[in-house]
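Overview (structure and organization)
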Amino acid sequence: MQLLNWLEKIKLLYGLEIQENQIRPFGDGHIHQTYLVDLGDKKLILQRFNYQVFQYPERISHNHDILIREIDPQKLPFILPLPIPNIHGELFSVIDGHYFRLAPYVEGKCVNEVNSAHQAYLAAKAFAQFIVAGIHIKSSLLQESIPNFHDLQLRYQQLLQAVSSTQRQVTGELKELVDFYLGQKPLVEEYNFWKSLLPLRMTHSDTKINNLIYSDDFSKVNAVIDLDTIMAGYVYYDFGDLVRTVACTEGESSQNWENIKVDMPKYAALLQGFQEVGDGVFTSEEIQSLPFGGQMMTCIMGFRFLADYLNGNIYYTIHYEEQNLHRAKNQMLLLKALQDM
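The sections below set out a description of the structure shown in this document. (Residues numbered from 1 in each chain as written. Predicted model: local features only at pLDDT ≥ 70, side-chain atom pairs only at ≥ 80, totals over all residues. Heavy atoms only, no water.)

1. Let's talk about the overall build of the protein chain
Across its full length, the protein chain carries ten helices and nine strands. Its C-alpha atoms give the protein chain a radius of gyration of 21 Å, within 12% of the compact-globule value 20 Å for 341 residues. Once the C-alpha set of the protein chain is aligned to its principal axes, its extents read approximately 60 × 50 × 40 Å. Looking at the protein chain as a whole, 52% of its 341 residues are labelled buried. In the protein chain, 73% of the contacts between residues at least 6 apart in sequence involve partners at least 24 apart. Working note: accessible area of the protein chain is about 15800 Å², and carbon and sulfur atoms make up 49% of it. Here the protein chain contributes 28 positive and 40 negative side-chain charges, whose respective centroids are spaced 2 Å apart. (Helix = DSSP H or I, 4+ residues; strand = E, 2+ residues; numbered from the N terminus. Rg over C-alpha atoms; globule rule 2.2 N^0.38 Å. Buried < 20%, exposed > 50% of the residue type's maximum accessible area, 1.4 Å probe, protein only. Contact = heavy atoms within 4.5 Å. Areas by Shrake-Rupley, 256 points an atom, 1.4 Å probe, with all protein chains shown as cover. Lys, Arg positive; Asp, Glu negative; His and termini not counted. Charge placed at Lys NZ, Arg CZ, Asp CG, Glu CD.)

2. Let's talk about the pattern of salt bridges
Taken as a whole and assessed by the stated rule, the structure comprises 14 salt bridges. For K43, the salt bridge is made with E107, and the minimal N-O distance between the two is 3.9 Å. A residue pair is termed long-range when its members are at least 10 positions apart, and K43 in strand 3 (residues 43–48) and E107 in the loop between strand 5 (98–104) and helix 3 (117–133) qualify at 64 residues. Residue E321 pairs with R168 through a salt bridge whose shortest N-O separation is 2.6 Å. Here E321, found in the loop between helix 9 (284–310) and helix 10 (323–339), pairs with R168, found in the loop between helix 4 (152–165) and helix 5 (172–182); they are 153 residues apart in sequence, far enough to count as distant. With relative accessibility at 38%, the residue E321 sits in the partly exposed group. (Salt bridge = Lys/Arg side-chain N within 4 Å of Asp/Glu carboxyl O.)

3. Digging into unusual backbone geometry
Not every positive phi belongs to a glycine, and F218 is a case in point at roughly 60°. Its place among the elements puts F218 in the loop between strand 7 (212–214) and strand 8 (221–224). Even without being glycine, D226 reaches a positive phi, approximately 55°.

4. Digging into the packing of aromatic side chains
Per the stated rule, a full pass over the model turns up 18 aromatic pairs. With 5.8 Å between their ring centres and 10° between their planes, Y234 and Y236 make a pair best called stacked. In this pair, the class of Y234 matches that of Y236, namely buried. For the ring pair Y315 and Y316, a centre distance of 4.8 Å and an interplane angle of 85° mean the geometry is edge-to-face. In this structure, R59 is placed above the aromatic ring of Y56, and the distance from its NZ or CZ to the ring centre is 3.8 Å. (Phe/Tyr/Trp six-rings, centres within 6.5 Å; stacked < 30°, edge-to-face > 60°. Lys NZ or Arg CZ within 6 Å of the ring centre and 35° of its normal.)

5. Side note on the sheet that holds strand 5
Spatially, five strands are ordered 1-2-3-5-4 in an open sheet, and the strand pairing comes out antiparallel. Across the chains shown, the open sheet's two edge strands, defined by having one partner strand only, are strand 1 (23–25) and strand 4 (93–95). Across the sheet, the axes of successive neighbouring strands diverge by a mean angle of 30°, strand direction being ignored. One ladder, built from five bridges, connects strand 3 with strand 5; its direction is antiparallel. The residue bridging I45 from the neighbouring strand is A103, located in strand 5. (Pairing = 2+ DSSP bridges. Axes fitted to C-alpha atoms, helices over the stretch in contact; angles between N-to-C directions.)

6. Points about the layout of surface pockets
Reported here for the second largest pocket is a volume of approximately 240 Å³. As for the second largest pocket, its lining consists of 15 residues, and the residues nearest its centre are E144, N148, Y191, A232 and Y237. Counting residues per element, the ones that place at least two in the lining of the second largest pocket are helix 6 (185–197) and strand 9 (231–233). Among the elements that make up the lining of the second largest pocket, the one with the highest residue count is strand 9 (three residues). (1 Å grid on protein atoms, 1.4 Å probe; cavity = no way out; pocket = protein on both sides within 12 Å on 5 of 7 lines; lining within 4 Å. Points joined across faces, edges and corners; volume = space filled by probe spheres on them.)

7. As for the packing of helix 4 against helix 5
At a closest axis distance of 11 Å, the pairing of helix 4 and helix 5 adopts a crossing angle of 145°. For the crossing formed where helix 4 meets helix 5, the hand is left-handed. Across the interface between the two elements, Y156, L159, L160 and V163 from helix 4 touch V178, Y181 and L182 from helix 5. The residue makeup of the contact of helix 4 with helix 5, split by class, is seven nonpolar, no polar and no charged. (Left-handed = near helix turned anticlockwise from the far one by under 90°. Nonpolar A, V, L, I, M, F, W, Y, C, P; charged D, E, K, R; others polar.)

Below you can see the structure in the form of structure tokens.
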């Protein structure tokens, strides 16, 4: 679908005068096609939504509408750049069977890794503040944008199925990884324990560091972005995903096996950020569950990478045949480091 084919309809649906030369591709996201619209006096983000990845756009729109109605932006120290309604009051615009949306543009810096414990602390505070801002929202009102996204029990069962049906020879390093991950049944049982004990909250559910926009001098967070995964979850989900992606000394595709450890200053900063914001708001059990979150979110990604490798690399993008195997090994080493703390 070419730019000119849908630009005229976008202009009509949002009551805007946009010229083709005012639109350019933006960012390095891999899911949606994202454009910066520079109107001179203001800038907007235009996205062509990927409904192959997010198959329930109506659920996302439902959750965003709840945020628009229920969260007072004046009570947050950062921006939530939620979609702008079109002339019909809809958050998505459907053009020739494709979903589009407009959102405010937020100035600042989006990075793929943090360079200091202070940046980690700011990230943790921001994501915890997001949860607190929606603490009054009944979790039952939220819809699952990605069903069973963080269900550790289900991912364990999927790994078992992949092991039983794989065409690969489960020997050597692969057998070592399979044995390790199938041996994480106690972690699955602990997941079920916390599930029976903790309240569901509105969580971001994808707290990678590039889902924040920092100020140019990294003194504060300007925005929490990528709000498509908002749904009911547990506080430790958001803390745990930060631990997995921020507090590891290597990225998830690194093969520097001996260097994969927990960055303790960053880990402590993440914990401090969540505890400070959650003090007096989160239950004592929620605070106690936070360290489990780092283990759980690392384990679930290990399950998923290993299952995908066993299934023939059908889900995650790879650049060589063993990449998902190596990602699973990477997560295994991080999980061991977290369990040894």
